[in-house]
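Observations on the three-dimensional arrangement
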Amino acid sequence: MKKKLVVLSGAGISAESGIPTFRDSDGLWEGHNVMDVATPEGWRKNPALVLDFYNQRRKRALEVQPNRGHEILAELENYFDVTVVTQNVDDLHERAGSSHVIHLHGSLFESRSTRDETLVYPIKGWELNLGDVCAKGSQLRPNIVWFGEMVPLMEVAADHAANADFFVVVGTSMVVYPAAGLISYVPHDALKFVVDPKLPEMGQIPSLHMIAEKASTGMEKVKQALMGLS
């Protein structure tokens, strides 16, 4: 039986492919106040703006390719039972070949009903527009977890973390909760890695190895370490 490897990925791994990180230092996201484009209040105030914002993000995501960091995670499935828990809404993990990806913050390439949140649809191409409706006739919105909304898959992700033999954090500042708390579920004796050019303050965590590199090169080092243990 393969040992279980759980990975928490964040904006840093997608940034290497050319997708801007979530927010700049000035608090803006691609020139927009996040409260206008990433909250239920922003949606109610101006759904056309929100739809256009995510259309542009979707279009950009289709123009880029997975990088070596994504590819390594997919390759590790040959040796481990890999679950990728990502804070990213793009599909670069899947396009690189990862087969078990949990999107904590939703998916850029899905829409969902504003009347019945169980009605979720794939988005073909990059556009979702006013007038696009669900089977019940209600406007479709991006299937993204906005500020102020619950993170429905967090419990599922925590269950995976609690059963991990190895845990890798890559490309995240570890300041966005509840995702940042996922490492607290990992068994004490599980080997843990954190990969990021700007290493976060992690406190006293047993069996933790810190790698101050970008995802593509840092994950090569993680792979080498793990291959000696598979």
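Since we're looking at a predicted model, the values are computed, not measured. Numbers given to residues run from 1 along each chain, matching the order in which its sequence is written. pLDDT decides what is reported in this predicted model: residues at 70 or higher carry local features, side-chain atom pairs at 80 or more are listed and counted, and totals for whole chains, interfaces and linings draw on all residues regardless. Water and hydrogen atoms were dropped before computing side-chain values, which therefore reflect all heavy atoms in the structure.

What about the overall build of the protein?
Helix and strand labels come from DSSP, where a helix needs a run of H or I of at least four residues and a strand needs a run of E of at least two; each type is numbered from the N terminus. Per the secondary structure count, the protein includes 8 helices and 11 strands. Its C-alpha atoms give the protein a radius of gyration of 18 Å, near enough to 17 Å, the size a compact globule of 230 residues would have. Along the three orthogonal principal directions, the C-alpha set of the protein runs to about 55 × 40 × 30 Å. Working definition: with a 1.4 Å probe on protein chains only, accessible area under 20% of the residue-type maximum means buried, over 50% means exposed, and in between means partly exposed. Scored against the burial criterion, the 230 residues of the protein give a buried share of 50%. In the form shown here, the protein has an accessible surface area of approximately 11100 Å², with 51% of it arising from carbon and sulfur atoms. Note on method: radius of gyration uses C-alpha positions; expected globular size equals 2.2 Å times residues raised to 0.38. To measure how exposed things are, a 1.4 Å probe is used in the Shrake-Rupley method; for residues, cover is taken only from the protein chains shown.

Brief notes about the nonpolar core
Nonpolar side chains tend toward joint burial in soluble globular proteins. To qualify as a nonpolar core, a set must consist of buried Ala, Val, Leu, Ile, Met, Phe, Trp, Tyr and Cys residues joined through side-chain atoms within 4.5 Å. Formed by 23 residues in total, the largest nonpolar core has its most connected members in Leu 8, Val 85, Leu 104, Phe 167, Met 174 and Leu 182. Secondary-structure elements contributing two or more residues to this core are β1 (4–9), α7 (154–162) and β9 (166–170). With 4 residues, α7 is the single largest residue contributor to this core. In what follows, residue pairs with any heavy atoms lying within 4.5 Å of each other are defined as contacts. Excluding residues that lie within four positions of it along the chain, Phe 167 makes contacts with Leu 5, Val 6, Leu 8, Ala 161, Leu 182, Ile 183, Val 186, Leu 191, Lys 192 and Phe 193. Ranked by size, the runner-up nonpolar core spans 21 residues in total, among them Val 7, Ile 72, Val 101 and Met 219.

Some remarks on the pattern of salt bridges
A pairing counts as a salt bridge when a side-chain nitrogen of Lys or Arg comes within 4 Å of a carboxyl oxygen of Asp or Glu. Overall, the coordinates contain 12 salt bridges when judged by the stated rule. Its salt-bridge partner being Glu 75, residue Lys 223 comes within 2.8 Å of it at the nearest N-O pair. Of this pair, Lys 223 sits in helix α8 (residues 215–227) while Glu 75 sits in helix α5 (residues 68–75), and the two are 148 residues apart along the sequence. With relative accessibility at 19%, the residue Lys 223 sits in the buried group. With its nearest N and O atoms 3.3 Å apart, the salt bridge here joins Asp 91 to Arg 95. Here the salt bridges do not stand alone but share partners, grouping Arg 68, Glu 71, Glu 75, Glu 220 and Lys 223 into one network.

Points about the environment of Leu 8
Its location among the elements puts Leu 8 in strand β1. Judged by its relative accessible area of 0%, Leu 8 falls in the buried class. Sequence spacing of Leu 8 and Val 170 is 162 residues, and the spatial spacing of their C-alpha atoms is 6.3 Å.

Looking at the domain arrangement of the protein
According to the domain assignment, the protein consists of domain 1 (1–19 + 66–105 + 151–229) and domain 2 (20–63 + 109–144). Each of domain 1 and domain 2 was reduced to a C-alpha centroid, and the two centroids are 26 Å apart. The partner domain 2 presents 9 residues to the 8 residues of domain 1 that form the contact. Two parts placed together each lose some accessible area under a 1.4 Å probe, and adding up what both lose gives the buried area. Taking both partners together, domain 1 and domain 2 bury about 710 Å²; carbon and sulfur atoms supply 59% of that area. Definition of a polar contact: a pair of N or O atoms within 3.5 Å, with one able to donate and the other able to accept a hydrogen when the atoms are protein atoms, and with sequence-neighbouring residues admitted only if both atoms are side-chain atoms. Put simply, domain 1 and domain 2 have 2 residue pairs in polar contact (both at pLDDT 80 or more) between them. Residues are sorted three ways: Asp, Glu, Lys and Arg are charged, Ala, Val, Leu, Ile, Met, Phe, Trp, Tyr, Cys and Pro are nonpolar, and all the rest, Gly among them, are polar. When its residues are assigned to classes, the side of domain 1 that touches domain 2 shows 4 nonpolar, 2 polar and 2 charged. Per the annotation, domain bounds derive from an automatic or database assignment of domains.

A few points about helix α4 (residues 47–63)
A helix is expected to span 1.5 Å for every residue after the first. For α4, which comprises 17 residues, the first-to-last C-alpha distance of 25 Å matches the rise-based estimate of 24 Å (1.5 Å per residue) to within 8%. Within α4 the residues assigned to the buried category are Val 50, Leu 51, Phe 53, Tyr 54, Asn 55, Arg 57, Arg 58 and Ala 61.

A short note on the side chain of Asn 88
Assignment of secondary structure puts Asn 88 in the loop between β4 (81–86) and α6 (92–96). In this structure the side chain of Asn 88 is engaged in a polar contact, spanning 2.9 Å, whose partner is the backbone oxygen of Gly 10. Here Asn 88 is in contact with Ser 9, Gly 10, Ala 11, Ile 13, Ser 14, His 103 and Gly 106, once residues within four sequence places are set aside.

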